[in-house]
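Residue strings, one per chain:
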Amino acid sequence: HAKVSEATVCRALNNSPLVSPDTYNRIISVAKSLNYTLNKHASALRRMHSNQMLLVHCTDEGLAPLDNFRYLSWLNHFLCRAGCVPQLAQIDTYQKLTSLPDNISADGIVLIMQHHQQRDIYDLAPLLDTNIPIAVLGGHTLHSKQHSFTILSDERSAAYQLTSELSERGYKRIVYIENSARKFRERHQGYLQFMNTLPFNQQLPIYLNLDSSPQFRSIETIKNSDCILLSSNCLLGELQALIKMTFGENHSIPIATIKDDSNIPTERCIAVASHSIEKSCQLAINTLINNIAIENPSASLVPMQYSY
């Protein structure tokens, strides 16, 4: 009816950029006149794909960390936007993969594993034995799974961009502060990465560990700084109490922070950054879908590692 090949019709109905606007409009018009709708299940069967993604998250003492739910929410969002159906399974502390289908029919697997969790305590054999591509969210790499890749959270990028913004605002002595209980190596590396791009005589990296009883040197460092970069807004109250106790009510130092806890107010901070779970989830889904689109993903997908 449209006077084009089946391949062109297929591309048009799947919104491919390879189809010209005139051809696309003609095909869509004919489809509407014939009351034709795309059968996604039939398309998936013909391509030997199920349009399903298996989302597996690890639990801690039977309860999933809050970040797991954020990951699942964003993964579900991007999967639905891509026309895929999410399946959900979890690994519990009894080292078992629960609620997993007997025969995994998913095109790809997303494994959510937090940094503080040890992959060795979980039995991942049911996943590793499949020939299905796996994206690992949380910084771990599956050395025993050939067709897998790791997506690292972009904490380093958040710190880098935040430090860059402070520098653009004219701050010359930016002190990076964390404490012994909350160490964020990637964030500190992001701070250092930007500071090392600056001329040596402009400003130097200044690192400070905010302990319960800071030494005189720490207090002087804070006093002589023109801006403070906190590794986490969870330290905001502790730092503000220290400044008030040491320098008095009227002493004010600009503070920027990376946000981890939405319940802690950051209105008085001059800049706030978030390490984005959203971007990590989008990258995982896009990469899986791009690799699944090829004829033989298990043979063509090579181990990769991405980070923001």
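Notes on the structure follow. Source: prediction; values computed, not measured.

## Re the packing of helix 1 (residues 6-13) against helix 2 (residues 21-33)
Turning to step 1, where the next piece is worked out: Where helix 1 contacts helix 2, the axes come no closer than 10 Å and their chain directions differ by 90°. As the angle between them shows, helix 1 and helix 2 are arranged roughly perpendicular. Along its contact with helix 1, which presents T8, V9, A12 and L13, the element helix 2 presents T23, Y24, I27 and I28.
Turning to step 2, where the next piece is worked out: For the contact of helix 1 with helix 2, a count of residues per class yields six nonpolar, two polar and no charged.

## Describing the nonpolar core
Turning to step 1, where the next piece is worked out: In this structure, I222 and I228 are the most contacted members of the largest nonpolar core, which totals 32 residues.
Turning to step 2, where the next piece is worked out: Secondary structure elements with two or more residues in this core: helix 6 (155-168), strand 7 (174-178), helix 7 (185-195), strand 8 (206-209), strand 9 (227-230), helix 9 (236-247), strand 10 (255-259) and strand 11 (271-274).
Turning to step 3, where the next piece is worked out: Sequence-distant contacts of I222, defined by excluding residues within four places in its chain, comprise I177, L208, I228, L239, L242, I243, F247 and I253.
Turning to step 4, where the next piece is worked out: Residues L72, C84, A135 and C281 belong to the second largest nonpolar core, which totals 20 residues.

## Here we look at the pairing of strand 4 (residues 108-112)
Turning to step 1, where the next piece is worked out: Most of strand 4 is tucked away, with five of its five residues classed as buried.
Turning to step 2, where the next piece is worked out: Across the two faces of strand 4 the burial is the same, with G108, V110 and I112 and I109 and L111 all buried.
Turning to step 3, where the next piece is worked out: Relative to strand 4, strand 1 (residues 52-58) runs parallel, the two being bridged by five bridges. Counted as the bridge partner of L55 is V110 from strand 4.
Turning to step 4, where the next piece is worked out: Sheet analysis places strand 4 next to strand 5 (residues 134-137), joined by four bridges and oriented parallel. By the bridge assignment for strand 5, L111 is matched with V136.

## Concerning the sheet that holds strand 11
Turning to step 1, where the next piece is worked out: Strand order in the open sheet made by the five strands is 8-7-9-10-11, with parallel pairing throughout. The sheet is open, and its two borders are formed by strand 8 and strand 11, each paired with just one other strand. Pairwise comparison of adjacent strand axes, ignoring direction, gives a mean angle of 20° for this sheet.
Turning to step 2, where the next piece is worked out: Alignment of strand 10 against strand 11, held across four bridges, turns out to be parallel. Bridging from a neighbouring strand, T257 pairs with V272 of strand 11.

## Some words on unusual backbone geometry
What you tend to see is this: most non-glycine residues have negative phi, and most peptide bonds are trans.
Turning to step 1, where the next piece is worked out: A positive phi angle, near 65°, is found at K3, a position not held by glycine.
Turning to step 2, where the next piece is worked out: Examined against the element boundaries, K3 turns out to sit in the segment before helix 1.
Turning to step 3, where the next piece is worked out: A relative accessible area of 77% places K3 in the exposed class.
Turning to step 4, where the next piece is worked out: Backbone geometry places N35, a non-glycine residue, at a positive phi of 55°.
Turning to step 5, where the next piece is worked out: Tracing the backbone shows N35 in the loop between helix 2 and helix 3 (40-46).

## Structural notes on the environment of S33
Turning to step 1, where the next piece is worked out: Mapped onto the elements, S33 comes out in helix 2.
Turning to step 2, where the next piece is worked out: Among the polar contacts listed, one links the side chain of S33 to the backbone oxygen of V30, at a separation of 2.6 Å.

## Remarks on the packing of helix 6 against helix 7
Packed helices, taken two at a time, are described by their axes: the angle between them and the distance between them.
Turning to step 1, where the next piece is worked out: Following both chains from N to C, one finds helix 6 and helix 7 inclined at 40°, their axes separated by 7 Å at the closest point. The orientation of helix 6 relative to helix 7 falls into the category oblique. Viewed along their axes, helix 6 and helix 7 form a crossing whose handedness is right-handed. Contacts between helix 6 and helix 7 pair E155, R156, A159, Y160, T163, S164 and S167 from the former with E186, R187, Q189, G190, Y191, Q193, F194 and M195 from the latter.
Turning to step 2, where the next piece is worked out: Classifying every residue of the contact of helix 6 with helix 7 gives five nonpolar, six polar and four charged.

What counts as what
Residues numbered from 1 in each chain as written. Predicted model: local features only at pLDDT ≥ 70, side-chain atom pairs only at ≥ 80, totals over all residues. Heavy atoms only, no water. Axes fitted to C-alpha atoms, helices over the stretch in contact; angles between N-to-C directions. Helix = DSSP H or I, 4+ residues; strand = E, 2+ residues; numbered from the N terminus. Parallel < 35°, antiparallel > 145°, perpendicular 65-115°, else oblique. Contact = heavy atoms within 4.5 Å. Nonpolar A, V, L, I, M, F, W, Y, C, P; charged D, E, K, R; others polar. Core = buried A, V, L, I, M, F, W, Y, C linked by side-chain atoms within 4.5 Å. Buried < 20%, exposed > 50% of the residue type's maximum accessible area, 1.4 Å probe, protein only. Pairing = 2+ DSSP bridges. Polar contact = N/O pair within 3.5 Å; in protein donor to acceptor, adjacent residues only side chain to side chain. Left-handed = near helix turned anticlockwise from the far one by under 90°.

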